[in-house]
Amino acid sequence: MSDGISIKYSDVAVFSRGDGVETRLLVGKGNAADTPFTTGTTVFPKGCAAPLHSHNCAEQVTILSGTAEAMINGKTIQLGALDTSFVPANAPHYFRNTGNEPLVILWIYGAQDVTRTFTETGETVPHMSPRDQV
């Protein structure tokens, strides 16, 4: 059983996703072996988005700052700071920065081993692997 961990955001390594998009893994199997989830943040510069994709597990996304267009299972909605969404496993979705400032999201996956399947190509890659780009 784990004693728990505390994480200083400034100490978290940045994973560059392309087009200036940056992801930080906060809690996952790499630093909390017995966690039942994976969580972190992604920052999208103005106009940037992840391509339409799905995951092998459910996901919660909370907008920390900025504004976003979210598309989940074919439904589009505008979101702002502290708005939260639930994305079921295998549901196609994206989040796009629609504002003039960076969009910062907090994501929580309901699994330790997360994959991303790109809707356009059907390719499935491990989350935060070299092929997990925008």
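Parameters at a glance
- Residues numbered from 1 in each chain as written.
- Predicted model: local features only at pLDDT ≥ 70, side-chain atom pairs only at ≥ 80, totals over all residues.
- Heavy atoms only, no water.
- Pairing = 2+ DSSP bridges.
- Helix = DSSP H or I, 4+ residues; strand = E, 2+ residues; numbered from the N terminus.
- Axes fitted to C-alpha atoms, helices over the stretch in contact; angles between N-to-C directions.
- Phe/Tyr/Trp six-rings, centres within 6.5 Å; stacked < 30°, edge-to-face > 60°.
- Lys NZ or Arg CZ within 6 Å of the ring centre and 35° of its normal.
- Buried < 20%, exposed > 50% of the residue type's maximum accessible area, 1.4 Å probe, protein only.

So, the sheet that holds strand E8 (residues 84-87)
No. 1: Strand order in the open sheet made by the six strands is E1-E2-E3-E10-E5-E8, with antiparallel pairing throughout. Each having just a single partner strand, strand E1 (15-18) and E8 make up the two edges of the open sheet. With strand direction ignored, the average angle separating the axes of adjacent strands in the sheet is 25 degrees.
No. 2: Of the strand pairs in this sheet, E1 and strand E2 (residues 21-27) are connected by three bridges, and their pairing is antiparallel. Counterpart to Ser16 in the pairing with E2 is Glu22.

Examining the packing of aromatic side chains
Two measures describe an aromatic ring pair: the distance that separates the ring centres and the angle between the ring planes.
No. 1: This model, assessed by the stated rule, comprises one aromatic pair.
No. 2: Positioned over the ring face of Tyr94 is Arg96, at 4.7 Å from the centre of the ring.

Here we look at the pairing of strand E11 (residues 115-118)
No. 1: On E11, burial follows the alternation: Arg116 and Phe118 on one face are buried, whereas Thr115 and Thr117 on the facing-out side are not.
No. 2: Alignment of strand E4 (residues 53-55) against E11, held across three bridges, turns out to be antiparallel. Each residue of the ladder has a partner; that of His55, found in E11, is Arg116.
No. 3: Across three bridges, E11 lies against strand E12 (residues 124-126) in antiparallel orientation. If you follow Arg116 over to E12, its bridge partner there is Val125.
No. 4: Here E11 folds back onto E12 in antiparallel fashion, the turn holding five residues, of which Gly122 has a positive phi close to 80 degrees.

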